[in-house]
Amino acid sequence: MRYFLAVAEELHFARAAERLGIAPPTLSVQIQQVERQMQVQLFVRTKRSVALTPAGEMFAQQARAVLAQFDQALNSGRRAGRGELGRVEIGYVGSAVFGGVLQRQVSAFRQDWPDTEVQVREWEMDNLSDAVQQGRVDIAFVRLPLALAPSLRSHVLLRDRFCLALAADHPLAAGTAPIRARALAGEAFVVPEQELGSREIYRRGGFTPPVERRPGSLLAVLAEVSLGAGVAVVPSVVTGVIDLPNVVYRPLAGAAIGSEVAAVFRRFERSPAVRNMIAAIGKSAPLAVASVVGQARQVT
């Protein structure tokens, strides 16, 4: 097609051959092969001129369109190979949003790779590791610790500590002193998906709570606290962003119970687009959440 279009545009075999960087006899043979394959004459040749036949004019129009589409396909393939095109499936837990980690990573990636499609969906944390391993999710933003298969690895993006959420009318809500674990013995607990903080408080206090409620997301946990269903050990990152009526946050006594938000991804990723995002995440230093625990608004 390119040889044919060169002759169609130059209407001169010698000039077309020079443009293509081949010998004129080679070009003549190529055109003859095209005409034999199509079983139609594309050019009227004389000793002094070359002209397109009606069939040649129609073929030239279609050939230009086909080559333009072919070039576009080549360009798209090359860009996809570089990760400029493609799709990245992201799964996340609420902590990643409340801490701004997910927003920062996705926003920066979209600025650098605007033609890559990014799909984002909230998942239950217990399902995310398997989802990444099975290819249903490319990158997961989770709260550690989380058991990971050997085929996965993680990069920490935020370091946080746990605090206590309780109803504003709870006896322990008054004051600002850190609350000791043993003071929570006998309390009903509303447990978030990441149980690390709750389990550590039970251990420090030497008790097993009489009631454990597991409503799911952090917002659902705090809604239960707001309704007086129990107390909850939650990441302190929520204190600055979730302002529910009748909920206050208090620091916990003793050594800080740390936790981290991290991106989890496949160790041997094949998709260039996903590899680009993993590379960008890998350059991000972990953020630290301020340790100040404030008080949310209360029902008046």
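Before reading on, note that the structure itself is shown above.
Residues numbered from 1 in each chain as written. Predicted model: local features only at pLDDT ≥ 70, side-chain atom pairs only at ≥ 80, totals over all residues. Heavy atoms only, no water.

> Explanation requested: the overall build of the chain in the structure shown.
Within the chain one finds ten helices and twelve strands. Compactness check: the chain gives a C-alpha radius of gyration of 32 Å against a globular reference of 19 Å for 300 residues, more than 25% above the reference. For the chain, the C-alpha atoms occupy an extent of roughly 105 × 45 × 30 Å along the three principal directions. Looking at the chain residue by residue over its 300 residues, the buried ones come to 43%. Once local pairs closer than 6 in sequence are excluded, the contacts in the chain between residues at least 24 apart make up 70%. (Helix = DSSP H or I, 4+ residues; strand = E, 2+ residues; numbered from the N terminus. Rg over C-alpha atoms; globule rule 2.2 N^0.38 Å. Buried < 20%, exposed > 50% of the residue type's maximum accessible area, 1.4 Å probe, protein only. Contact = heavy atoms within 4.5 Å.)

> Got a minute to help me understand the layout of surface pockets in this structure?
Once rolled over the atoms, a probe with the size of a water molecule shows which space is left empty. Estimated volume of the largest pocket: approximately 210 Å³. What lines the largest pocket is a set of 13 residues, among which Asp126, Pro192, Glu193, Glu195 and Arg214 lie closest to the centre. Taken together, the residues of the lining of the largest pocket sort by class into six nonpolar, two polar and five charged. (1 Å grid on protein atoms, 1.4 Å probe; cavity = no way out; pocket = protein on both sides within 12 Å on 5 of 7 lines; lining within 4 Å. Points joined across faces, edges and corners; volume = space filled by probe spheres on them. Nonpolar A, V, L, I, M, F, W, Y, C, P; charged D, E, K, R; others polar.)

> Just to check I follow, could you spell out the nonpolar core for this structure?
Grouped burial of nonpolar side chains is what soluble globular proteins tend to show. If you look at the biggest cluster of nonpolar residues, it comprises 21 residues, and the most contacted ones within it are Val88, Ile90, Ile139, Phe141 and Met277. Among the secondary structure elements, those contributing two or more residues to this core are β3 (86–92), α6 (101–112), β5 (139–144), β6 (152–167), β11 (258–266) and α10 (272–282). (Core = buried A, V, L, I, M, F, W, Y, C linked by side-chain atoms within 4.5 Å.)

> How do you make sense of unusual backbone geometry when you look at a structure like this?
Negative phi values dominate among residues other than glycine, just as trans dominates among peptide bonds. For the peptide bond that leads from Leu144 to Pro145, omega is 0°, which places it in the cis range. Here Gln39, not a glycine, exhibits a phi torsion of approximately 60°, which is positive. Examined against the element boundaries, Gln39 turns out to sit in the loop between α3 (24–38) and β1 (43–45). The phi dihedral of Asn246 is positive, around 70°, even though this residue is not glycine.

> Just checking my understanding: could you explain empty space enclosed by the protein for this structure?
Enumeration over the complete set of coordinates arrives at one cavity of 30 Å³ or more. The computed volume of the largest cavity comes to approximately 120 Å³. As for the largest cavity, its lining consists of 14 residues, of which Ser95, Pro192, Glu193, Gln194 and Leu218 are closest to the centre. Grouping the constituent residues of the lining of the largest cavity by class yields six nonpolar, five polar and three charged.

> Please explain the pattern of salt bridges as it appears in this structure.
Charged atoms that come close allow side chains of opposite charge to pair. The tally for this structure, following the rule as stated, stands at 18 salt bridges. A salt bridge links Glu35 to Arg45; the shortest N-O distance between them is 3.1 Å. Taken together, the residues Glu35 in helix α3 and Arg45 in strand β1 connect sequence positions ten residues apart. Note that Arg266 and Glu269 form a salt bridge whose closest N and O atoms lie 2.9 Å from each other. Overlapping salt bridges bring together Glu9, Glu10, Arg15, Arg19 and Arg64 as one network. (Salt bridge = Lys/Arg side-chain N within 4 Å of Asp/Glu carboxyl O.)

> What should I look at first to understand the packing of aromatic side chains in this one?
The geometry of two aromatic rings is summed up by the distance between their centres and the angle between their planes. Under the counting rule described, the total for this entry stands at six aromatic pairs. Where Phe4 meets Phe59, the ring centres are 4.8 Å apart and the plane angle is 50°; that geometry is what we call tilted. In this pair, Phe4 is assigned in helix α1 (residues 2–10) and Phe59 in helix α4 (residues 54–81), connecting sequence segments 55 residues apart. Linked through ring pairs, Phe4, Phe13, Phe43 and Phe59 together constitute an aromatic cluster. (Phe/Tyr/Trp six-rings, centres within 6.5 Å; stacked < 30°, edge-to-face > 60°.)

> For this particular structure, what's the right way to read the side chain of Glu187?
By the element assignment, Glu187 lies in the loop between β6 and β7 (189–190). Arg213 provides the closest opposite charge to the buried, unpaired Glu187, separated from it by 12 Å. Side-chain polar atoms of Glu187 contact the side chain of His170, separated by 2.9 Å. Sequence-distant contacts of Glu187, that is, excluding residues within four places in its chain, are made with His170, Pro209, Pro210, Val211 and Val231. (Lys, Arg positive; Asp, Glu negative; His and termini not counted. Polar contact = N/O pair within 3.5 Å; in protein donor to acceptor, adjacent residues only side chain to side chain.)

> Would you take a moment to explain the packing of α1 against α3 for this structure?
Angle between the axes and distance between the axes are the two parameters that describe a pair of packed helices. Running from amino to carboxyl end, α1 crosses α3 at an angle of 110°, the nearest separation of the two axes being 9 Å. The angle between α1 and α3 places the two elements in the roughly perpendicular class. Contact with α1, carried on its side by Tyr3, Phe4 and Val7, involves Leu27, Gln30 and Ile31 of α3 and no other residues of that element. Partitioning the contact of α1 with α3 into residue classes produces five nonpolar, one polar and no charged. (Axes fitted to C-alpha atoms, helices over the stretch in contact; angles between N-to-C directions. Parallel < 35°, antiparallel > 145°, perpendicular 65-115°, else oblique.)

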